[in-house]
Structure formats: structure tokens, C-alpha cells
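Survey of secondary and tertiary structure
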Amino acid sequence: MRFYTTDQDSVLQYVNATEQGLTSQEALKRQEEQGKNKLREAEKETLLQRFLGQMSDPMILILLAAAAISGVTSFYSGESMADVFIILTVVIINATLGVYQESKAEKAIEALQAMSAAMSKVLRNGKITELKSEDLVVGDIVMLEAGDAVPADGRVLACASLKVEEAALTGESVPVTKQIEALAEAKEITLGDRKNMVYMGSEIVYGRGKVVITNIGMDTEMGKIADALANAEEGETPLQIKLSQLSRVLSWSVLGICAFIFVFALLKSGDFSGSVILETFMIAVSLAVAAIPEGLVAVVTIVLSIGVTNMSKKNAIIRKLSAVETLGCSQVICSDKTGTLTQNRMTVVDTFGSDIKAIATAMALCNDAEIDGKGELITGEPTEAALVVFAHVQQLPQAELKAANPRIGEAPFDSSRKMMSTVHQTQDGIVQYTKGAPEVVLSHCTYYSQDGVNLPMNDQLRQQVIDANAALASGALRVLCCATRLWSVLPADYEPTTLEEDLTFIGLTGMIDPVRPEVKSAIERCYEAGIQTVMITGDHHDTAVAIAKELGLVSDASQTITGSQLNEMSDEELAKNIETYHVYARVQPEHKTRIVNAWRKNGMITAMTGDGVNDAPSIKNADIGIGMGITGTDVTKNVADMVLADDNFATIVGAVEEGRRIYDNIRKAIQFLLASNLSEVLSIFIATMLGFTILKPAHLLWVNLVTDCFPALALGMEKAEPNLMQRKPRSSKDGVFAGGLGFDIIYQGILTTILILTSYFIGDYMETGLWQIGNSTDGTTMAFLTMNMVEIFHSLNMRSQRGSIFSLGSQNGYLLLAAGAAFIMSTIVIYVPFLANAFGFAEINLQEFLVAMCLAISIIPAVEIVKLIERKLAK
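Basis of the calculations
- Residues numbered from 1 in each chain as written.
- Predicted model: local features only at pLDDT ≥ 70, side-chain atom pairs only at ≥ 80, totals over all residues.
- Heavy atoms only, no water.
- Helix = DSSP H or I, 4+ residues; strand = E, 2+ residues; numbered from the N terminus.
- Core = buried A, V, L, I, M, F, W, Y, C linked by side-chain atoms within 4.5 Å.
- Buried < 20%, exposed > 50% of the residue type's maximum accessible area, 1.4 Å probe, protein only.
- Contact = heavy atoms within 4.5 Å.
- Pairing = 2+ DSSP bridges.
- Axes fitted to C-alpha atoms, helices over the stretch in contact; angles between N-to-C directions.
- Left-handed = near helix turned anticlockwise from the far one by under 90°.
- Nonpolar A, V, L, I, M, F, W, Y, C, P; charged D, E, K, R; others polar.
- Polar contact = N/O pair within 3.5 Å; in protein donor to acceptor, adjacent residues only side chain to side chain.
- Phe/Tyr/Trp six-rings, centres within 6.5 Å; stacked < 30°, edge-to-face > 60°.
- Lys NZ or Arg CZ within 6 Å of the ring centre and 35° of its normal.
- Disulfide = S-S within 2.5 Å.
- Patch = residues over 30% accessible without salt bridge, like charges linked within 9 Å, V, L, I, M, F, W, Y side chains within 5 Å.
- Areas by Shrake-Rupley, 256 points an atom, 1.4 Å probe, with all protein chains shown as cover.
- Salt bridge = Lys/Arg side-chain N within 4 Å of Asp/Glu carboxyl O.

1. Some points on the environment of lysine 733
Its place among the elements puts lysine 733 in the loop between α29 (709-715) and α30 (741-768). Distance from lysine 733 to methionine 604, taken between C-alpha atoms, is 9.6 Å for residues 129 residues apart in sequence.

Structure, rendered in C-alpha cells:
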């Protein structure tokens, strides 16, 4: 039943209740049938489940495979198991970092539950009694007053100036004045316009009322949000998808190469004895170890973790590591208006009248709100608080005004009159102030104030006020009118009919929830970066358009759409026309989710920001959800991937830039590691084809886990390249090897292979004095040194994929430190006797050492020449 379009008697009949409430027996019976008025608890993952979830990552599985292979190698060769322990340590560190970052269990549903009222005043057995809100049932009659949280969804039966703050559900910043009358029939009335209903999770800010409960628990509007959260699917991030694809390619490549080498070597030898099969298997294992980038997952995780730390310093708190990279490729930011683009506090921004001090005095005294010394609301509703703050700005503090003008009588606000009046004792006598809807207050004015003198109201001035009201309203301002009346003696009574006649017009105030001052420039930066900003709000169409125009989001109203219009669109139609609309007004939670999903259906990486409960489902459905740290509810924070500690939209732009820098650096690390591994594979492959052993599995593990990891991590610390935020976001369809990365990996891997093989053959010659193909200890040692150092020097090339390293304006100190550390460690492992013996190295002389180093450093000019050619071709 649409309770909001149905009269009270029919609603009561439908829920089988009366205005005198239920009996305790009937309530108990219903509770057994309906259950508790609670939201369904979220299922929590155990620490073990989360740890195993981290271990199931494809790249982690590759590392475990490497550990197994290394274990088999060590077992059959009788060598140390140190390699296995190194790999397992990398795996455990990586998984622990991931669990630590995502250690908070899903608390969204619990946070929703916490928002419902703990206790409620209920009519049971004809008497008002206080019960736990979870014990409410459909048909209960609940009494509400200012300060109460609404415990469940209900139809208003009676109210006196009842105003409800529903921003958490609707996103509308102005409290809703409730009524008892049924609403006119319509296809669908949005939640924010259902003025005779109250909903779980909202709060009474003014007046009092009586409601009949129509829905409890998961059947409430809050329950629908909880259900949407529980059913929302969390897809993989672009980086996770790309790394999964990469791991599949590597896995099949490793298997294919190993199988080929194993079969080829056996057939070539013609010997199928056990020892030959084992030796051939060891060669295949060497290739597998060479092909697997053991440090890649650890490098990616650590680079992301460092990015998390950097972002936290800039007020962007990352809850999930993957969010760092996803930010960098965001193409659309769907932003909630209230509290995100705006300040979430009504503010007087314009006035009409001859005496601004008189306007401020009237508005602050004819007012039931109280604020603290910082202007924060203590009691009352936001609109009235804005008027008190306005008086403070005019050097009229509320406490001083009240002390000088104590209230002695009042006619409270009533939704039918649309006015309120207060009477005050002052030094000059008894003064009355009235405020309310302009058209109503003006109709009761027979005078106007001009320079402190009361003059008779005339048609010309009345029209001026009407025109001023229209002008303020056209700017989406909420307009209030104030008037006054002097009394020579106390009024006979304080009835509205007595007080609200022969009033003197003072002025108008126009207020709005203003935009954050830094947001406009942040949105402009988003446009420069190729990112579309979309505003989504529960506010009225005109208010949304006015804010959007101020922010430069729209040029005219044709680029906006309302929730009711969305209801008439299919998901296919919305996806087709999604790029037409930049502003969505009067929307409900399910609309926000549809909007996010429509953008994603079109292949766009979509971020969603918000602070209210109504934003939570769409935040969870988005590629990256962004919650507000100050004004945001716990619900929003717990489903978000990132939380803005300063609620500043501009912080998102900085986070996007950091995300782009990190992704750039991850690609550099991937290019560096895969080019290095390719050279190892090719070196082993060619050596096997030619019938000699160039390097052993232990040598390759040393290079992959010790030499390569430090420069790869240092590349993750590289500063952003110029014009990073002038690039368009990368497409979600782009693979890891997009932009020529695949070609760069291949040619750089081949160049490195040539240098390594050359070093081996020269070492063999310098040891034997013969140019031959065979096993050589000096050759192996020189090849190992060249492989270590060529990769170190090559990491310097990776500071920019296309730019010359000699044109970069800054230095990467971390990379220079890593290069120095790698050089020292490579030298130690060759020249310290017990290490050299463990690895099977020869103590090469200075001449051999220098030859290996010269070959290694030649990778820099070789890559520089190719980069130069690529830049010329690009032009």
C-alpha cells in the first residue's frame, strides 16, 4: 500500500490498529510473526578467511608456485632451502599488509542498526509507555517530539509544527515539515516529498507528532538500503584485472617454456635415464624460476602502501589498497551535493530591506534555535540556526539579544499559518517579532519600516517586496520574511489572531546551503584531467540547477533530470543517454545506484562520493566509493574505499593525481621486472639450446628477489611526470602492455640478453683462452655480475618510458641508493669466499670485473637511442 496517498482511517484499517494503540498481547503475537524491528546483521569474515583471501590472489599463487619449484630444486640438488624461505617471507609480508589495510570487518549494517532509536514512546494498552525500539511492531502508535530519532517507518496521524531532518536518507539539507493529509495520487512520489510519512534513521528537529508504524526492520526504507548494501557486488579494480591477466599469461608461458625445454633437451640428449631426466627437469625449473617475477606482488603492494601513507598526509584516508590505483584511472566522479559540494549548513547569503541590523535582530529573536560559541547548532533546526548565525555576523550575539529582549509570550510556528510570532520586553516597551513565508507575512503587514520610522504600506512597496522575493527565490534561495509590532500594553492573549495583524514589514532573508569555496577550482582541474563531474542530490530541481550553474557543471536546465523522470526510463535508456545529464535532482537511493551502474555499463571507471546513508549503496557499487570523514555517517565510511578526512572535494583531485603517479610507477616497475625476467629466460633458453649452463636457479632467485626488488621499489617512489593531470584518464580496456609497453619490454629484454651472453662468452675466453661453447665458472660469474648490474643501470632508464633520463629535472635518491646497495651486494656475493662457494662463483680478476661492468652500463645509451627514435616517430 502507498500509505502516503491513503487517508488515516484506511491506513489504520490496513495495519489492523486504532489510534489508542495495540494491547501487549497483540503486540507480542505480531512480534512472533514479524520479528524484531532490527536490520539484518552483516556476515563477518574471520581473520583467517581474510588472510586466505589475500593468499588466493593470482600473483601470490605464482609466488607459491615459485617456492614449490625452488623447494623441489633444493631437495634434489641438496642445496640450501633459503630460497624457499625467502619467497614464503615475501608472500607472508604481502598478505599481512593486505589484511592490515582491510582489517576492519564490514560494519555498514551494524552502523545502520545503531542509527535507529534505542527507546521509543509507544501507546500500549491505551497508555504511553517507553519500550525498546526493536520491540516495535506494525500497527504500534508512537509519540515523537524534538530530539527523537524515528524508530521505524510510519504514517503521520497528528502533528504540531513537526519538522524532520531526513538528509541522511534523502540528501535534502532542509528539514521537512510534516502534515496529516493524504497526498494527491501520482505514479510515484519521491521519498523526500512524502510529507505525511516518517522514516527510520531520520530525526525530529521541531514540534511533535503521533504516527502509526507501517514498516519495521528490513521492510523499512533503511532496510532497503541495508539490503542493497548486502547484495552489492564488489568488482575487481582495473589493476587487479590487469595483474590477473598478466599472471595468466605468465603462468601459461612458464608451463609452455618448461615443457618445450624439457622435451627438447631429452630428445637432444637421446638419454632417458633417471639422472638425465632429473638434470633436464632442473634446467626446466631454472627457466620457470627465471620467468616468474617473484618480487612483483610485493613491489605492487608496498608501492600502494606508500601511496596510502602519502594520501593520508593529504587528508585522503585509504581503506583498501586497490583504491589508490583505481583513483588514478577514474573517468567519472558522481558527487553527492549536500555536505560534499556544499557546506551542509544553511547560510543567509542575501537580504532585502532598509535596515540589515533590524532584520538580523528580528530573525534571531523570533527563533527557537540555539547555537554555541562556534556557531554550531545545539537545539532547533538548521534554518533557524542560520538566522542566529546571521545575527552573530552582524555583531548581534544571541545571548546578548535574549538578555536585552527577554521573551514573554509567543504564537508557535504552525504549518497551516506558515508563521511564528514572539513577544519581548525591551527598554523601549513591548515588541513583537513575526517571521514566516513572505507571501503570508506580507499579507498581514499594513506598515513598513523606513529609517526607523513606520510608514503606511502602499501598493508600490508591496510590489517591490514581491519582486524581491521572486528574485531571491529564482536563485534557489529559501526566503523568509520578518515583521514587527509595538505594543503599549501587554496583548490580551497570545493567539495568532490577536498578534499577527497590523504588522510592520522589516525585510527578507535569502538562505541556501552554499558551495564549498574550493570546489569550483577542483571541478575545473577534473575537467582538465578529462574527468566528468556529476552532481546527485535529493534537493529540488531549481536548487540543484542553481548550485550546478555556480559550479560550472551545467549551462542550462536541459542537462538536468529528476528522480521521477528517471523512474520512467529503463536501465538501457539511461545507459544510452547517461552522458547527457550532469545533474540529478530529487533522487532516491536506488536512483544513485542506477546512475553509477549506467556509467559503469558504458565502460567508465566511476567514483561516487557522499556522506548520508542514502549514498551507501551507490558508494559500494562504484569502482571507488568516497565517504566524508566529518559529516559522513558510519555507514558511508564503512562501505567506502576512501574517506576524506576534511570533507573537501578538492582533496579528491589531489588523490587522483597521486593515484595516476602510482599507476605510472607501477607500470615502470612491471616493465623493469618483466624486461629483466625476459632476459633471464632468453639467456637460459639460448644456453640450453647451445648445450651449456649459464646460471643456476639460485642465481636467478638472487637476482629476482634481491637485485630487482630494491630498484623496482625505488621506481615506485618516482615523482610525477610533467602534465600528468593534463592527460586523459586511461581506458579501463587498456591492458598492462598498452602504450607500447609490450614492445619496450621485448626489445629491452633482448638487449639485456645479448649483453649477458656476451659477458659469459668473454669470461669463458678469458678463463680458457679459447672461443668455445661450454661450461665456464668465470663465464658464469661474469654473466651473473653483468645480469645484476645491467638491470640496475636499466632501472635508471625506467624513470620515464619515453623521456630521456638526462632531461628529467629531479633525481630519485631512492633509486641511486638502491643501485649502490645492489652493486655492493653483488660484489660481496662474488668476493666473500663462503658466499662465492655456496653460489659456485670464481674469484674473477679486475679486468674481468671491469669488462662485465662496461657491458652492463652500455644498456643506458642503447635504450636512450631507441627512446629518441620513438619520440621522433611519435611526432
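2. Notes on the nonpolar core
Of all hydrophobic cores here, the largest spans 125 residues; its most connected members are Phe505, Ile626, Phe649 and Ile694. Sorting elements by how many residues they give to this core places helix α27 (residues 649-690) first, with 15 residues. Sequence-distant contacts of isoleucine 694, that is, excluding residues within four places in its chain, are made with Ser683, Ile684, Ala687, Ile756, Leu757, Tyr760, Thr780 and Ala783. One finds Val150, Val211, Ile213 and Ile536 within the second-largest nonpolar core, a separate group that totals 66 residues.

3. Topic: the sheet that holds strand β24 (residues 624-628)
As summarised here, the arrangement of the eight strands in space is β8-β25-β24-β23-β9-β20-β22-β21, forming an open sheet in which the pairing is mixed. Only two strands of the sheet have a single partner each, and these edge strands are β8 (316-318) and β21 (560-562). The sheet shows a mean angle of 20 degrees between the axes of neighbouring strands, taken without regard to direction. In the sheet, strand β20 (residues 532-536) pairs with strand β22 (residues 583-585) via two bridges, with the strands oriented parallel. Within the sheet, the bridge partner assigned to isoleucine 536 lies in β22 and is tyrosine 584. Docked against the sheet, helix α21 (residues 541-551) engages β20, β21 and β22, running at close to 155 degrees with respect to β22. In the packing of helix α24 (residues 589-601) onto the sheet, the strands contacted are β9 (332-336), β20, β22 and β23 (606-610), and the crossing angle to β23 comes to about 160 degrees.

4. Topic: the environment of lysine 520
Tracing the sequence through the fold places lysine 520 in helix α20 (residues 519-528). Taking the C-alpha atoms as reference points, lysine 520 and alanine 650, separated by 130 residues in sequence, lie 8.7 Å from one another. In contact with lysine 520, other than residues within four places in its own chain, are Glu550 and Leu551.

5. Regarding the environment of lysine 38
Tracing the chain through its elements places lysine 38 in the loop between α2 (24-34) and α3 (47-55). Separated by 96 residues in the primary sequence, lysine 38 and glutamate 134 place their C-alpha atoms 5.8 Å from one another.

6. Quick look at the packing of helix α31 (residues 777-797) against helix α34 (residues 846-857)
Contact geometry of α31 with α34 gives a least axis separation of 8 Å together with a crossing angle of 35 degrees. α31 and α34 meet at a crossing whose hand is right-handed. In this structure, α31 uses Asp778, Met782, Leu785, Thr786, Met789, Val790 and Phe793 to contact α34, whose residues at the interface are Glu848, Phe849, Val851, Ala852, Met853, Leu855, Ala856 and Ile857. Here the residues of the contact of α31 with α34 sort into twelve nonpolar, one polar and two charged.

7. A closer look at the side chain of aspartate 140
Along the polypeptide, aspartate 140 turns up in the loop between β2 (127-132) and β3 (141-145). Residue class for aspartate 140 comes out buried when judged on its relative accessible area of 0%. Looking at aspartate 140, its side chain comes within polar contact range of the side chain of arginine 124, at 2.8 Å. Apart from residues no more than four positions distant in its own chain, aspartate 140 is found in contact with Leu22, Val122, Leu123, Arg124, Asp135, Val211, Val212 and Ile213.

8. Let's talk about the pairing of strand β17 (residues 453-456)
In summary, the side chains of a regular strand alternate between the two faces of the sheet. For strand β16 (residues 445-450) and β17, the ladder comprises four bridges, and the chain directions are antiparallel. Counterpart to tyrosine 448 in the pairing with β17 is leucine 455. Taken together, β16 and the strand that follows it, β17, pair antiparallel across an intervening segment of two residues, in which aspartate 451 is found at a positive phi of about 55 degrees.

9. With respect to the packing of aromatic side chains
The final tally for this structure, using the stated rule, is 14 aromatic pairs. Measuring from ring centre to ring centre gives 5.7 Å for phenylalanine 839 and phenylalanine 841, while their planes differ by 5 degrees; the resulting arrangement is stacked. Among the residues examined, phenylalanine 839 registers a relative accessible area of 16% and is labelled buried. With relative accessibility at 7%, the residue phenylalanine 841 sits in the buried group. Taken together, the ring pairs in this structure connect Trp702, Phe784, Phe839 and Phe841 into an aromatic cluster. Sitting above the plane of the tyrosine 206 ring, lysine 163 keeps its charged end 5.6 Å from the centroid. The side chain of lysine 163 reaches across the aromatic face of phenylalanine 413, ending 4.6 Å from its centre.

10. Quick look at the state of the cysteines
Under the definition given, this model contains zero disulfides. Cysteine 481 supplies the cysteine sulfur nearest to cysteine 482, a cysteine that is in no disulfide, at a spacing of 6.1 Å.

11. Section: unusual backbone geometry
One non-glycine residue, serine 161, lies in the positive phi region at around 55 degrees. Turning to its location among the elements, serine 161 is positioned in strand β4 (residues 153-165). For alanine 476, which is not glycine, the phi dihedral falls at a positive 65 degrees. With respect to the element layout, alanine 476 can be found in the loop between α18 (459-474) and β18 (478-487).

12. Details of a nonpolar patch on the surface
A contiguous nonpolar surface patch, about 390 Å² in accessible area, is contributed by Val263, Leu267, Phe272 and Ile277. Examined against the element boundaries, leucine 267 turns out to sit in helix α9 (residues 238-269).

13. Topic: the pattern of salt bridges
Counted according to the given criterion, the structure contains 27 salt bridges. Ionic pairing is found between aspartate 368 and arginine 407, a salt bridge with its closest N-O pair at 3.0 Å. Taken together, the positions of aspartate 368 in the loop between α14 (356-365) and β11 (370-371) and arginine 407 in strand β13 (residues 407-414) put the pair 39 residues apart, joining distant regions of the chain. With a relative accessible area of 32%, arginine 407 lands in the partly exposed category. Between arginine 799 and glutamate 718 there is a salt bridge whose closest N-O contact spans 2.9 Å.

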